[in-house]
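# Breakdown of the fold
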Amino acid sequence: MAVTAGSASFGARLDEALRTLGQPAYRARQVREWKYRRLAAGYAEMGNLPAGLRQELGRTVPLSAVEPIQELRSDDGRTTKALLRLADNQLVEAVLMRQQGLNEEAPRNTVCLSSQAGCKMRCSFCATGHGGWRRDLTSDEIADQALHFARVLKGEGEHVTNVVFMGMGEPLDNYDGVIEAIRLLNSREAFGLGARNMTVSTCGLVPAIRRLANEPAQVNLAVSLAATTDERRSELIPLNRRYPIAELLAACDDYARQTRRRVSFEYVLIAGINDSLDEAQRLKALMHGRLAHVNLIPLNPVEGDAYERPDELAVRRFAKVLREGRVPATVRYSKGVDIVAGCGQLRAQRVG
Ligand code: SAH
């Protein structure tokens, strides 16, 4: 009997199919090992499973919930962006960033994951927000994005060292899906990536930040700040009206205390909007005495939007104010601008 496609997880469908087929329990372990550890691209590779079983599972339990339909590699070869199709034809993006290790350091291969098809948050500078929200991704749809790039990297003799939830969607608005994906990626029986190597990025859902601090797998937290006054921040990130800066920072402080992790603050720099030296001074003051790190992200302009990226000098001056105030700050130019690797931009080209 065929197991019909539905919302059940890969694990649940696998267990159900194996039970229906009268297979011993260890088969589920074998398949999981092939999927998450040995990174099989299909059931055909699973040599220790009987051929008939491989065929049956191939028909009834899709190994991956995401299907790459377009792949772009940046000119420097370091960044690969995948457009992935889900079972109901929704499209999401995931990005692989290969960073060479400095000196003796091992290379870092970071995968940027989407957590929702679309987004409800409607941040004014973000391509994903413009299209509205379609649905939450399932934990398999999220984790399988990482597995897709793990297979790509395996072909290069490399592996995924980090994942960041900085793709499409607001991860903390899909709390259960994201936590279950983290569990799958973290579990030794599945992908086995350390929680320390995972970062959840949020535009500031305060109650969910507080909940996240109490999860068994303590991941890194990144918060998209984008402005230093509530007035300006509410214009850029409407959620700020519900959870203003003071409340957000208090939740971040508690997160840092509880997890002993430095919180990162993402600050997208938009010319003439939030890149003044006054703003830099206020940001310095806000960060003062906090266990924090600031990532300055010069805007990746979204087609059709009026916002512009500040010139390099303005970016350097802004960063200098922070560093002079001993606030650790890194400028992060979006990787792969030549392959529209900014949040939601490749998908926007497809679906308009
Ligand atoms: N919803 C989450 C994660 C997705 S956005 C969040 O808001 O954090 C990931 C990061 O990309 C955020 O820091 C966001 O501010 C930034 N971002 C979004 N659109 C951008 C753009 N056009 N240029 C540069 N950074 C952008």
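The notes below deal with the structure included here. (Residues numbered from 1 in each chain as written. Predicted model: local features only at pLDDT ≥ 70, side-chain atom pairs only at ≥ 80, totals over all residues. Heavy atoms only, no water.)

## Regarding the overall build of the protein
Scanning the protein from terminus to terminus reveals 12 helices and 12 strands. For the protein, whose C-alpha radius of gyration is 21 Å, the value lies close to the compact-globule estimate of 20 Å for 352 residues. The 352 residues of the protein split such that 53% are buried. At a minimum sequence separation of 6, the contacts of the protein that also span at least 24 residues come to 64%. Charged side chains of the protein number 48 positive and 42 negative; the gap between the two group centres comes to 4 Å. (Helix = DSSP H or I, 4+ residues; strand = E, 2+ residues; numbered from the N terminus. Rg over C-alpha atoms; globule rule 2.2 N^0.38 Å. Buried < 20%, exposed > 50% of the residue type's maximum accessible area, 1.4 Å probe, protein only. Contact = heavy atoms within 4.5 Å. Lys, Arg positive; Asp, Glu negative; His and termini not counted. Charge placed at Lys NZ, Arg CZ, Asp CG, Glu CD.)

## Here we look at the pattern of salt bridges
Pairs can form between side chains of opposite charge whenever their charged atoms are close. Taken as a whole, this structure holds 20 salt bridges when the rule is applied. Residues D144 and K35 are paired through a salt bridge, measuring 2.9 Å at the closest nitrogen-oxygen approach. With a gap of 109 residues between them, D144 in helix α5 (residues 139–154) and K35 in helix α2 (residues 26–37) connect regions that are remote in the sequence. Each member of the pair, D144 as well as K35, carries the same accessibility label: buried. Residue E156 pairs with R98 through a salt bridge whose shortest N-O separation is 2.9 Å. In this pair, E156 is assigned in the loop between α5 and β7 (162–165) and R98 in strand β3 (residues 91–99), connecting sequence segments 58 residues apart. On the basis of relative accessibility, which here comes to 11%, the residue R98 falls in the buried class. By sharing partners, the salt bridges in this structure join R73, R98 and E156 into a single network. (Salt bridge = Lys/Arg side-chain N within 4 Å of Asp/Glu carboxyl O.)

## Some points on the pairing of strand β9 (residues 220–224)
Burial within β9 is extensive, with 5 of its 5 residues counted as buried. Residues N220, A222 and S224 line one face of β9 and the alternating positions L221 and V223 line the opposite face, and both faces are buried. Relative to β9, strand β8 (residues 198–202) runs parallel, the two sharing 4 bridges. Each bridged residue has a counterpart across the sheet, and for T199 the counterpart in β9 is N220. Handedness of the β8-helix α7 (residues 206–212)-β9 crossover: right-handed. (Pairing = 2+ DSSP bridges. Right-handed = clockwise from strand over helix to strand, strands pointing away.)

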